[in-house]
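Working through the structure, step by step
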Amino acid sequence: MRSAHAIHGGIHPDEAKALAAPGKLLDAGIPDKLVLPLSQHIGRQPEAVVAVGEAVKGGQLLALAESPMSVSLHAPTSGIVTAIEDRPVPHPSGMTNLCIELQCDGEDDWLTFTGISNWRATDRTKLIEAISGAGIAGMGGAGFPTAVKLNGSPGQSIDTLIINGTECEPYISSDDTLMQIDAPSIVAGAEILAYIVGAKEILFAVEDNKPTALTAMHDAVAASESECQRDVMTFPTKYPSGGEKQLIEILTGKQVPSGGLPAHLGIVCQNPGTAVAVHAAILEGKPLTERIVTLTGEALGKPGNYRVRLGTPISHLLAVTEFDPSNNRRLIHGGPMMGFALENSDVPVIKTTNCVLVPTEQELPTPPPAQACIRCGHCAEACPASLLPQQLYWYARAKDQEQLEKHHLFDCIECGACSWVCPSHIPLVQYYRAAKGSIIDARAEKIRSDRSRERFEARQERVERELAAREAQRAARRAAAQKKADTDADDDPIAAAIARAKAKKQAADEAPSAVPDADS
Amino acid sequence: MSTAGIMQTVLVATLPGVIALTWFFGPGTLVNIAVGGALALAFEAGALALRDRSPTPYLKDYSVLVTSTLLCIALPPYSPWWLVATGIFSSVILGKHVFGGLGYNPFNPAMVGYVILLISFPLQMSTWQAPRGLGEIPGIMGALTAFISPATYDGVTMATPLDVLRQNQGLLMADLQAQKPQFGLWAGVGWEWVNIAFLVGGVWLLYKRIFTWHAPVGLLVALGVCAAIGFDSGSSESGGSPLLHWLSGATMFGAFFIITDPVSSAVSNKGRLIFGALIGVLIYLIRVHGNYPDAVAFAVLILNFAAPLIDQYTQPAVYGSKPVKEDDL
């Protein structure tokens, strides 16, 4: 049995997880309409393969991934495509994106799928194709296309697969619920993932505030066969232990090198929800069309963990959970630490929506206005990346990009622990995000200007080269003409006679002058 | 905890020290703190108005009261009103607002005020009331007289133990401590208990996690090591024992209430350890070889200058900056 390692920093906010009664799965039902953004992941947008007016069945392909960095999209129920247009999507900026609107017919009529039962005898690239075809992106938060992560990069071998069931953020219990009700599928999905990446070891990580999930995982591991060395590991609850880099240090004692990936240490991390989706995609051929969402907060009459079809508008979920708007000012996509406020409830649930938090004003008050930073250093104590947030804040305000990079701005994982402890209520992470954005812009700008300078210099050089070449040609022609003239002059008796006469006349002109010319 | 909460906690933590000062030297310090606090709030409000800032959120953060209380604790009790007023003005306006207010002051504001007074009014600043047991302690009327009408006030003053130590001519340490009435159990009469009281308040702040142990421990260890080296077996040339230095003058007050000001100190834990240690060394050097009775204020200001430089070289190693070992792969 391995033992867990300690990490720097971290905080212990009120967990507030019991509110959503983890372990009990409710059903959010089928709304009238689903709004399915084509992009629900990091990467390229897939191409829509249905037209407005077309009837589709549950599980039917709606948009096809044409590039490896893209993820396909399938219908979460049967119905008719009523629009393909820009709609608001869950994003901090409140931006719109291309969405397919599906008018549900309530029949919930599904296609039949065929899976790959003997996956151990199947080539891993085939399995990765199946995962990509099932539209699976990381369900833990970032939404990175799972197939890309599993493909890895050439020359890198993976030894360890980590199933990250830490779920350290307050309020959220969707992974906890999944582990409690379907641990065998997580364990079986992990087996497939380990086979694909070639891992010899699987670590299941569960924080010690989820004893029921931990027991379920232990039981599922004990009840199954594996070709890997497997371990269910638990460790003290602390935010943000579930951050990928933090978890790797907790489990292995190793740190992912700055700017690198877990794969550099031979590690791949996956979320339990992703493992279950992979399990369904391989064994049943079933695409990803639903997920567990924690709908919680004291402004909801019926908080809980709900099985939600992708594309379900959050307004539908608010109705299902008996939302009381009288004392609520914010609707948060994700958790209280890393989530972001939604402008309205029209946006849909997407593959990365693990939680919708609807707090009362007493429960999570709107933060008071920020005060001056007194450099107390509580943020540095809390920072899991061992950064100096107070210095980063200082330099971010001064827009000192050189110092920001020297103070490792890009190692910030944006967990929000610093903002949480800040006695002056400074929204530190917002400053870091903005600073990262402007540094990335500046780098892109520099690359652009370098390129255009190079282009300009190359052009300049070419123009000069051509000029020089033309000049050389002209000089050669002139020289040739001169030479020709010279030789012609030697041969021509008339010209010689004229020259002799000219010389004689010149001598006669000069003779009368009293003082010989200095320049003659 | 909010910034105002931190400031209030610091104010509460000064109580043991203020009580000890009042017990041993009378109510002079209390008068200083009360009037100094009112003046500080007035100066803060005025400066904010001149700087076109809304005064309420800043006045409610208690930071100016911390500054004024710390300065008034450092001032001799029974100081005249104009000394207190000049000090508060220097701290609040010159130490804080000319640099941009809370969070932007490169120097500890209380120490800026203290040093301006010490250089401008050396006589008033080095006149200390004799402690309880060695002289009569004035009552509240005496304190008010000294404050309002200093010319008519006549108190019992006495050289402090650190003065006596500096002026020691040829006595062995043991003899000096036995013969001079200023010395008590371990250090000066009264002073030793005042220092212990500030230590108690400081340890409480550590327990409340208002600051980390690095700067105070750095100061106390460095001061102790210097004193141990300079102790010279207690000869007539001795600089005094570590215990004497730890429990004399403003040592504990400085270690837990002055150098822990986060704004003007180094930022990282390692940086704060170095910051504290260098202050400890300077305190010893100035006390034993310098010309001033105590050294905390000068040492702190000098290291405030150096804090950005210390920061430059003490950045902590961030996650993932360790080179990956071969066997990790």
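Residues numbered from 1 in each chain as written. Chains lettered and ligands numbered in written order. Predicted model: local features only at pLDDT ≥ 70, side-chain atom pairs only at ≥ 80, totals over all residues.

By a widespread convention, an interface's size corresponds to the accessible area lost as its parts come together. Between chain A and chain B, the residue contacts involve 28 residues of the former and 25 residues of the latter. Residues that form the side of chain A that touches chain B fall into these classes: 13 nonpolar, 11 polar and four charged. (Contact = placed C-beta atoms within 7 Å. Nonpolar A, V, L, I, M, F, W, Y, C, P; charged D, E, K, R; others polar.)

Residues and elements named next belong to chain A. With parallel pairing, the four strands of this open sheet are ordered in space as β11-β10-β9-β12. Both edges of this open sheet fall to β11 (229-235) and β12 (267-270), since each of them pairs with a single strand only. For this sheet the average axis-to-axis angle between neighbouring strands, irrespective of direction, equals 20 degrees. Of the pairings in the sheet, the one linking strand β9 (residues 160-165) to strand β10 (residues 201-207) comprises six bridges and is parallel in character. Across the sheet, the residue bridging to Ile 162 is Leu 203, located in β10. (Pairing = 2+ DSSP bridges. Helix = DSSP H or I, 4+ residues; strand = E, 2+ residues; numbered from the N terminus. Axes fitted to C-alpha atoms, helices over the stretch in contact; angles between N-to-C directions.)

All names here are of chain B. By domain assignment, chain B separates into domain 1 (1-158) and domain 2 (159-312). For domain 1 versus domain 2, the separation of C-alpha centres amounts to 21 Å. On the domain 2 side, the residues contacting the 33 residues of domain 1 number 31 residues. Secondary-structure elements contributing two or more residues to the side of domain 1 that touches domain 2 are α1 (3-13), α2 (15-25), α5 (63-74) and α7 (109-120). (Domains from an automatic or database assignment.)

A word on the sheet that holds strand β13 (residues 290-296) of chain A. All names here are of chain A. Spatial ordering of the open sheet is given by β1-β14-β13-β17-β15-β16, a layout of six strands whose pairing is mixed. Only two strands of the sheet have a single neighbouring strand rather than two, namely β1 (25-27) and β16 (340-341). The strands touched by helix α3 (residues 174-197) within the sheet are β1, β13, β14 (304-309) and β17 (355-357), with β13 carrying the most contacts at an inclination of about 125 degrees.

Residues and elements named next belong to chain A. When you tally the buried positions in β13, you get seven out of seven residues, the bulk of the element. Residues Glu 290, Ile 292, Thr 294 and Thr 296 of β13 are buried on one face, and the alternating residues Arg 291, Val 293 and Leu 295, pointing to the opposite face, are buried as well. Relative to β14, β13 runs antiparallel, the two sharing six bridges. What sits directly across from Glu 290, in β14, is Arg 309. Relative to β17, β13 is paired through three bridges, and the arrangement is parallel. Opposite Leu 295, over in β17, you have Val 356 as the bridge partner. (Buried ≥ 20, exposed ≤ 12 C-beta atoms within 10 Å, placed from the backbone.)

Over its 18 residues, helix α17 (residues 296-313) of chain B runs 24 Å from end to end, which matches the ideal 26 Å to within 8%, given 1.5 Å per residue. In this structure, the buried side of α17(B) is in contact with α7, α15 (251-258) and α16 (269-289) of chain B. (Expected span 1.5 Å × (residues − 1).)

So, on to the environment of Asn327(A). All names here are of chain A. Tracing the chain through its elements places Asn 327 in the loop between α7 (314-320) and β15 (332-333). A sequence separation of 32 residues divides Asn 327 from Pro 359, and the C-alpha atoms of the two residues are 8.4 Å apart. Asn 327 has contacts with Ala 299, Thr 360 and Glu 361, leaving out every residue within four places of it along the chain.

What follows concerns the pairing of strand β8 (residues 96-104) of chain A. On a regular strand, each side chain points to the face opposite its neighbour's, so the side chains alternate between the two faces of the sheet. All names here are of chain A. As paired strands, strand β2 (residues 33-37) and β8 are joined by five bridges and run antiparallel to one another. Residue pairing across strands places Leu 34 opposite Leu 102, the latter belonging to β8. One ladder, built from nine bridges, connects strand β7 (residues 79-88) with β8; its direction is antiparallel. Paired with Pro 88 across the strands is Thr 96, a residue of β8.

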